[in-house]
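Okay, here's what each chain looks like letter by letter:
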Amino acid sequence: FFKQKTAYEIYQCDWSSDVCSSDLGFAFPAQPRLAAVGECMVELVQAGADAYERRHGGDTLNTATYLARLTAGRSSVAYATRLGMDGFSDAMVAAWLAEGIDTSLVARIPGRLPGLYIIETNSSGERSFLYWRREAPAREMFTAEGSAALIEALLAFDLVYLSGITLAILPEAG
């Protein structure tokens, strides 16, 4: 049987030329433009028996944040989503700007609110998630007014990242 190696155990000689990026015929620019597309939600994390700490999160946002930190000025990282015109959305955008994330692809929709999820942890440390996202504006990213402009803007990026979760929240038409 084969032993799975960790990243610390892999050596250059372990890599097969079958999977080398140099075989793809694409040279990544010196300062690439990267975009992550998805939904950021208000996150409530259990912080006691009857207390919750408010945060925000989402898989594609986490990726954008890590890319911005990792590349720190050597690339441009943007996040594309739709949010409301509320305090929760304001706090999200402010935090992203503080991380160096370009928010020019964030549409702000009056009268709408971002999705919400709660993380609860049981006595054995197992986490469970409860979601309220049916009316989140991010679900309409590619079907709402202005979506053609978003698609056009994304075409200018060197790399566009989205996740299976992003695809799952979109309607079939989107």
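Notes on the structure follow. (Residues numbered from 1 in each chain as written. Predicted model: local features only at pLDDT ≥ 70, side-chain atom pairs only at ≥ 80, totals over all residues. Heavy atoms only, no water.)

Comments concerning the overall build of the protein chain
No. 1: Within the protein chain one finds four helices and eight strands.
No. 2: In the protein chain, the order of α-helices and β-strands from amino to carboxyl end is β-β-β-α-β-α-β-β-β-α-β-α.
No. 3: Out of the 174 residues belonging to the protein chain, those deemed buried represent 34%.
No. 4: Across the protein chain, every contact between residues at least 6 apart in sequence was considered, and the portion connecting residues at least 24 apart equals 65%.
No. 5: Looking at the protein chain as shown, the accessible area adds up to about 11,200 Å², and 56% of this sits on carbon and sulfur atoms. (Helix = DSSP H or I, 4+ residues; strand = E, 2+ residues; numbered from the N terminus. Buried < 20%, exposed > 50% of the residue type's maximum accessible area, 1.4 Å probe, protein only. Contact = heavy atoms within 4.5 Å. Areas by Shrake-Rupley, 256 points an atom, 1.4 Å probe, with all protein chains shown as cover.)

Regarding the sheet that holds strand E7 (residues 127–132)
No. 1: Ordered by their spatial adjacency, four strands build an open sheet running E3-E2-E6-E7, and the pairing between neighbours is mixed. Edge positions in the sheet fall to strand E3 (52–57) and E7, since each has one partner strand and no second. Ignoring strand direction, the axes of neighbouring strands in this sheet form an average angle of 25°.
No. 2: In the sheet, strand E2 (residues 41–46) pairs with strand E6 (residues 116–121) via four bridges, with the strands oriented parallel. For Val45, the partnering residue across the bridge sits in E6 and is Ile119.
No. 3: Sitting on the sheet, helix H2 (residues 87–98) is in contact with E2 and E3, with an inclination near 60° to E3. (Pairing = 2+ DSSP bridges. Axes fitted to C-alpha atoms, helices over the stretch in contact; angles between N-to-C directions.)

As for the sheet that holds strand E4 (residues 76–84)
No. 1: Strand order across the open sheet formed by four strands is E5-E4-E1-E8, with parallel pairing between neighbours. Unpaired on one side and paired on the other, strand E5 (106–109) and strand E8 (159–161) mark the two borders of the sheet. Here the average twist between neighbouring strands, direction ignored, is 20°.
No. 2: The sheet contact formed by E4 and E5 spans four bridges and is parallel. Across the sheet, Arg82 pairs through a bridge with Ala107, a residue of E5.
No. 3: In this fold helix H1 (residues 59–71) packs onto strand E1 (33–37), E4 and E8, with an angle of close to 150° to the strand it touches most, E4.

Quick notes on the pattern of salt bridges
No. 1: Going through the model one piece at a time under the given rule, you end up with seven salt bridges.
No. 2: Among the ionic pairs, Arg55 bridges to Glu43, the shortest N-O distance being 3.9 Å. Of the two residues, Arg55 is situated in strand E3 and Glu43 in strand E2; the sequence distance between them amounts to 12 residues.
No. 3: On the accessibility criterion, Glu43 (10% relative accessible area) is buried.
No. 4: Residue Arg82 is joined to Glu140 by a salt bridge in which the shortest nitrogen-to-oxygen separation is 3.3 Å. Here the residue Arg82 occupies a position in strand E4, and Glu140 occupies one in the loop between E7 and helix H3 (147–154), the gap between them amounting to 58 residues. (Salt bridge = Lys/Arg side-chain N within 4 Å of Asp/Glu carboxyl O.)

Concerning the pairing of E1
No. 1: Along E1, four of the five residues are buried, which leaves the element largely enclosed by surrounding structure.
No. 2: For E1 and E4, the ladder comprises five bridges, and the chain directions are parallel. Paired with Leu34 across the bridge in E4 is Val77.
No. 3: The sheet contact formed by E1 and E8 spans three bridges and is parallel. Pairing of Ala35 across the sheet is with Val160, part of E8.

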